[in-house]
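# Structural features, examined
What follows is each chain in one-letter form.
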Amino acid sequence: MTNARRAGSASLVTTPACRLYLITPPRIDDLAAFGGTLSTALDAGDVAALQLRLKDAPDAAIAAAVEALAPIARGRDVALILNDRPDLAARLGCDGVHVGQDDASCAEARRLVGPDRIVGVTCHDSRHLAMEAAEAGADYVAFGAFFETATKDAPTRAEPEILTIWQETMQVPCVAIGGITVDNCRGLVTAGADFIAVSAGVWSYPAGPAAAVAAFNAEIATGLSTRG
């Protein structure tokens, strides 16, 4: 498997073979302040995508966040992915959408956002769900949670082996998600993750988000050097 696999955005298909995928905090109370933090973090190392994940926020708040954060992300060739809402992703001009098993189906998300935007799908610990998503046109599938996480309720626990099997058998990229930190990410890179999705592991990092991004990139590089 290489980084030349199909994806809905060129920014997700460039080297290295595994990249960092940031997820916003569940609440952003001060968009201007967070925008500054985000800018510094994105300048600290390679990031493929930023998922805007504001659960239960009104549409107006999501729209304001997209307006504030999209220029920051796109100015650094980082794709802006909206969580859960393909309708809003299309209306607000996001680069793509990420849907869970209880959200719109992959096919419905694709219909709403069109052929050129990214569609990612949560598949928990199930290769069956992932294969269904791939067949429905997903640009990536997400497996997890791999570790305990306080960011969201994780109904399943995935093992790194699922990344290896997927990498060996399928062309659609896979994302590892759930409780990932600088200290535990390397094994997931080695196992075959194309992207490492992180929220609290960056925003709550003791030395700050920029230091976290730099540290994650160092761990990703080390993991790739030992990938079979």
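## Focus: the pattern of salt bridges
Where charged atoms of side chains with opposite charge meet at close range, the side chains can pair. If you walk through the whole model with that rule in mind, you get 10 salt bridges. In this structure, D43 and R76 form a salt bridge, with 2.7 Å as the shortest nitrogen-oxygen distance. Taken as a pair, D43 in the loop between helix 1 (31-42) and strand 2 (49-52) and R76 in the loop between helix 2 (59-74) and strand 3 (79-83) lie far apart in primary sequence, 33 residues in all. Where D139 meets R110, a salt bridge forms, and the shortest distance between an N and an O atom there is 2.7 Å. Of this pair, D139 sits in the loop between helix 5 (127-135) and strand 6 (140-144) while R110 sits in helix 4 (residues 106-113), placing them 29 residues apart in sequence. Assessed through its relative accessible area of 2%, D139 is described here as buried. R110 gets classed as buried once you look at its relative accessible area, which sits at 14%.

## Here we look at the sheet that holds strand 1 (residues 19-23)
Ordered in space as 1-2-3-4-5-6-7-8, the 8 strands form a closed barrel in which the pairing is parallel. Here the average twist between neighbouring strands, direction ignored, is 25°. Relative to strand 8 (residues 195-198), strand 1 is paired through 4 bridges, and the arrangement is parallel. Considered in strand 8, the bridge of Y21 is made with A197. Sheet contacts for helix 9 (residues 209-225): strand 1 and strand 8; angle to strand 1, the most-contacted strand, approximately 145°.

## Some details on unusual backbone geometry
Of note, the amide linkage connecting G144 to A145 takes the cis form, showing an omega dihedral of 0°. One can find A145 in the loop between strand 6 and helix 6 (161-169). With phi around 75°, D84 is a residue other than glycine that occupies positive phi space. Here D84 is to be found in the loop between strand 3 and helix 3 (86-92). The residue H124 is not glycine, and still its phi comes out positive at about 55°.

## Some thoughts on helix 5
Three or more residues of helix 5 are buried, namely A130, A133 and A134. Buried residues of helix 5, seen end-on, are gathered within an arc of 100° and therefore sit on one face of the element. Set apart from the buried face of helix 5 by more than 90 degrees, the exposed residues are H128 and E135. In this structure, the buried side of helix 5 is in contact with helix 4, strand 5 (118-122), strand 6 and helix 6. Of the residues that open helix 5, the one with a side-chain oxygen 3.3 Å from the backbone nitrogen of H128 is S126. Trailing helix 5 by a residue or two, G137 shows a phi angle of about 105°, which is positive.

## Section: the confidence of the model for the protein chain
Counting all residues, the mean pLDDT for the protein chain is 92, and 92% of those residues have values of 70 or more. Low pLDDT, under 50, characterises residues 1-10; the stretch is placed with 34 contacts to residues that sit more than four places away or in other chains.

## Structural notes on the pairing of strand 2
In strand 2, alternate side chains face the same way, and those of A49 and Q51 on one face and L50 and L52 on the other are all buried. Pairing of strand 1 with strand 2 involves 3 bridges; the strand directions are parallel. By the bridge assignment for strand 2, Y21 is matched with A49. Two strands pair when backbone bridges link them, and strand 2 and strand 3 are joined in this way by 4 bridges, in the parallel orientation. Its bridge partner being in strand 3, Q51 is matched across the sheet by I81.

Rules and cut-offs
- Residues numbered from 1 in each chain as written.
- Predicted model: local features only at pLDDT ≥ 70, side-chain atom pairs only at ≥ 80, totals over all residues.
- Heavy atoms only, no water.
- Salt bridge = Lys/Arg side-chain N within 4 Å of Asp/Glu carboxyl O.
- Helix = DSSP H or I, 4+ residues; strand = E, 2+ residues; numbered from the N terminus.
- Buried < 20%, exposed > 50% of the residue type's maximum accessible area, 1.4 Å probe, protein only.
- Pairing = 2+ DSSP bridges.
- Axes fitted to C-alpha atoms, helices over the stretch in contact; angles between N-to-C directions.
- Contact = heavy atoms within 4.5 Å.
- Arc of directions from axis to C-beta.
- Polar contact = N/O pair within 3.5 Å; in protein donor to acceptor, adjacent residues only side chain to side chain.
- pLDDT = per-residue confidence, 0-100.

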